[in-house]
Amino acid sequence: MASGSDVMERPAAAAGTPGAAPALRWLVPLLLLAGWVLSVAWRMWLSRHVVLPIAHTDEDSYLNTARALAGGPGGFSSENDLLRRVGYPMLISPAFLGDRDFADSYRLVQLINAMVNATLLPLAYLLGRRLLGLRRAYALGAAVVAATLPATAFYAGVAMIDAVMAPLVVAWLLAVHRWIGRPGPLAAAAVGLFVGAFHLLHSRGLVIVGIHAGLVLLLLVRRRITPAGVLAALAPVLALALVNEAGIRLLGDRVYLLGSTPGGSVVDAVASAQGVVRVGAAVTTQLWYLVVVTFGMAGVAWAAAVHELWRPRRGDATRWTMGVALVTSVGVAGGASVILAGITGKPLDAIYARYVQMLAPFWMLVGLGVLLTAGRLVVLRRAAVAVGLLAAGGAVVAARLAYVASRGHTLRYGGFGAPDLVALTGGWREMRPVVGSLIGVAGCLLLVAVVQVPRLRLPILGALVVVNLVTMQVIDERLVLPTVASTAPTPRVADVGVRPGERVWASTGVHYILRFNLSHQVTWTDVRWFREQPPAAAQVVFARWAPGQPDDWDGARYGFVRLGGNERQHWAAWRRA
């Protein structure tokens, strides 16, 4: 090991014999292909119980839009005009082609998610080799660790944009590294294409578009790219922004929006010292989360990246790539915190890590790269920074929770805000920042100690994979299965006698989760809502069934006959007599 740098470039180890080189060149792609197939199978196995959406209302919005893009009926979306995106619905829309039961379409959505999500494995391997200079075996092991991180793998089982974001982050930063190292129009266009994909997929892409524009400007000012390179880098972003607008125009009014466009409330949220402190605490919580769930590796990586910015040792390509990654991490965490603080219709979250989770695999890889290639003193210094971040971050989060509680308020807290953190800390009912920091510190120190023994490096990477697999299993049993049981309406719509072609409406008296999942099973029409009296066009309605309660809906008053339903879940299907 070299003692003076964080991550050293090193040539790939030569094969033992001249005849072994071709076999080795074929072995790695075959291993990556087999790993990708296994990754897809593992993700599908984890999602085997999920036959209806469990993450409302995001899933419902994406699925309704995807169905409309495939030529089917529309529905609602919780998006707003300003932040509306159609990239992910475009990706999953083939699942809704043809005449399929919703459960079959949803399973195809999960398969598409799994296939894209699992590409993180080969992309992580390439990053380990090209950006971090890892040996093949270490790059493979670290790639499997990154590809099994619950922060990424969890979302493959639900219709959420986050299923594709982590692979896109790694692909984008690989392209940035290549572009800086070998400037050219093709490399510039590749970076622009990935940035445009971010914009097409989700509103957090606005942060990345801004970072991309700043990067292009800096490179131009420093004469590292030509005006032609600027055009090549920006044109794909504009093209995909136009694709998004074209998709919205294509949808027309078949998908109606329920979200409120951000306005003065966002400015008000940060227009005071208290607001700035509140947003700062939320940003700290998200960044602290990244360090915890990577067992300190994000902190190690940040320390190495900052050192590379001030005292570059590995060339401009790595320096610029690390700078872009750092700014993106802070920018996404800050942007998400500001937007969420401006939503006044619901309480603030104790933690909502969804927007930064896409960065966890990248920083995990960089942190492992530091541990596997840097000298002992360098590793210890970087680990000390990580431990300090864990301690300080945990203290800030604990103080934030205590302050809010002392004021008689509560911060919203749920498993979907950070499912991996919940599983690792056992925080199923409340957030446990001290436990999270202790787990992060313990994991970091253990990794630092073990990697000092070269023969234990691959085993410790294998142990991290096992931890990821176990964590996902815990999430499946403690979070996913109970959520499925509580959100799936029984019996099925078809089993109570609702027939294809009937005009179906749903009462707002039915709990919104059950109402949405009942509506998804009606694949032939958009199920609209009513309050008390259904419209004259309604042939079948879903309404509240609560005998003896004031809000029990009596369909006989309006000429309906009850088909069936679930009294315990408080819903029934009625047909007009």
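Going by the structure above, here's the rest.
Since this is a predicted model, take the numbers as computed values, not measurements.

(A) Quick peek at the overall build of the protein chain. Scanning the protein chain for helices and strands turns up 21 helices and seven strands. Scaling as 2.2 N^0.38, a compact globule of 577 residues should have a C-alpha radius of gyration of about 25 Å, and the protein chain matches this with 25 Å. Its C-alpha atoms give the protein chain principal-axis dimensions of about 80 × 55 × 50 Å. By residue count, 54% of the 577 residues in the protein chain fall in the buried class. Sequence separation of 24 or more characterises 76% of the internal contacts of the protein chain that already satisfy a separation of 6 or more. As presented, the protein chain carries roughly 24100 Å² of accessible surface, and 64% of it is formed by carbon and sulfur atoms. One finds the centroid of the 51 positive side-chain charges in the protein chain at a distance of 12 Å from the centroid of its 29 negative side-chain charges.

(B) Local environment of the side chain of Thr328. With respect to the helices, strands and loops of the structure, Thr328 is situated in helix α15 (residues 316-341). The contacts of Thr328, once residues within four sequence positions are left out, are Trp172, Ile208, Ile211 and Leu359.

(C) Representation of the environment of Trp363 in the model. Relative to the elements of secondary structure, Trp363 occurs in helix α16 (residues 360-373). C-alpha of Trp363 to C-alpha of Leu411: the two residues are 48 residues apart in sequence and 28 Å apart in space.

(D) Structural view of the packing of aromatic side chains. In the structure shown here, the tally under the stated rule is 17 aromatic pairs. Their ring planes at 65 degrees and their centres at 5.6 Å tell us that Tyr352 and Tyr355 sit as a pair that is edge-to-face. The class of Tyr355 is buried, set by a relative accessible area of 15%. Seen from their ring centres, Trp553 and Tyr558 are 5.6 Å apart, and the 15 degrees between their planes marks the pair as stacked. On the basis of relative accessibility, which here comes to 4%, the residue Trp553 falls in the buried class. Here the aromatic cluster, defined as three or more aromatic residues joined through ring pairs, consists of Phe530, Trp553, Tyr558, Phe560 and Trp574. The aromatic ring of Trp529 is capped on one face by Arg515, whose charged end is 4.8 Å from the ring centroid.

(E) Molecular detail of the pairing of strand β3 (residues 504-507). Here β3 runs beside strand β5 (residues 540-543); their pairing, made up of three bridges, is parallel. Across the sheet, residue Ala506 finds its bridge partner in β5, namely Phe542. Bridging between β3 and strand β4 (residues 528-530) involves three bridges; their strand directions are parallel. The partner of Ala506 across the bridge, within β4, is Trp529. With helix α21 (residues 512-520) bridging β3 and the parallel β4, this β-α-β connection has right-handed handedness.

(F) Molecular detail of helix α13 (residues 273-293). Look at α13: 30 Å from first C-alpha to last across 21 residues, which is about the 30 Å you get at 1.5 Å a residue. Where α13 ends, the next residue or the one after it, Phe295, has phi of about 55 degrees, a positive value.

(G) Spotlight on the packing of helix α17 (residues 376-406) against helix α19 (residues 433-450). It is the contact of α17 with α19, at a shortest axis distance of 8 Å, that shows an interaxial angle of 175 degrees. In terms of axis orientation, α17 runs roughly antiparallel to α19. Note on element contacts: α19 touches α17 through Pro433, Ser437, Gly440, Val441, Cys444, Leu445 and Val448, opposite Val379, Leu380, Ala383, Ala386, Val387, Leu390, Gly394, Val397, Ala398 and Leu401. Residues belonging to the contact of α17 with α19 are distributed by class as follows: 14 nonpolar, three polar and no charged.

(H) A look at the environment of Asn517. Relative to the helices and strands, Asn517 resides in helix α21. Residue classification places Asn517 among the buried positions, given a relative accessible area of 0%. Separated by 377 residues in the primary sequence, Asn517 and Leu140 place their C-alpha atoms 41 Å from one another. Apart from residues lying up to four places away in sequence, Asn517 is in contact with Leu52, Pro53, His56, Thr487 and Pro489.

(I) A look at the pattern of salt bridges. Inspection of every chain in the model, using the stated rule, returns twelve salt bridges. For Glu245, the salt bridge is made with Arg249, and the minimal N-O distance between the two is 3.8 Å. Pair noted here: Glu245 and Arg249 are both in helix α11 (residues 227-251), with a separation of four residues, about one helical turn. Given a relative accessible area of 36%, Glu245 falls into the partly exposed group. In this structure, Asp495 and Arg492 form a salt bridge, with 3.2 Å as the shortest nitrogen-oxygen distance. When its relative accessible area of 46% is taken as the criterion, Arg492 is described as partly exposed. Counted as one network, the salt bridges with shared partners bring together Asp58, Asp162, Arg204 and Arg354.

Conventions adopted
Residues numbered from 1 in each chain as written. Predicted model: local features only at pLDDT ≥ 70, side-chain atom pairs only at ≥ 80, totals over all residues. Heavy atoms only, no water. Helix = DSSP H or I, 4+ residues; strand = E, 2+ residues; numbered from the N terminus. Rg over C-alpha atoms; globule rule 2.2 N^0.38 Å. Buried < 20%, exposed > 50% of the residue type's maximum accessible area, 1.4 Å probe, protein only. Contact = heavy atoms within 4.5 Å. Areas by Shrake-Rupley, 256 points an atom, 1.4 Å probe, with all protein chains shown as cover. Lys, Arg positive; Asp, Glu negative; His and termini not counted. Charge placed at Lys NZ, Arg CZ, Asp CG, Glu CD. Phe/Tyr/Trp six-rings, centres within 6.5 Å; stacked < 30°, edge-to-face > 60°. Lys NZ or Arg CZ within 6 Å of the ring centre and 35° of its normal. Pairing = 2+ DSSP bridges. Right-handed = clockwise from strand over helix to strand, strands pointing away. Expected span 1.5 Å × (residues − 1). Axes fitted to C-alpha atoms, helices over the stretch in contact; angles between N-to-C directions. Parallel < 35°, antiparallel > 145°, perpendicular 65-115°, else oblique. Nonpolar A, V, L, I, M, F, W, Y, C, P; charged D, E, K, R; others polar. Salt bridge = Lys/Arg side-chain N within 4 Å of Asp/Glu carboxyl O.

In short, geometric facts, not functional conclusions.
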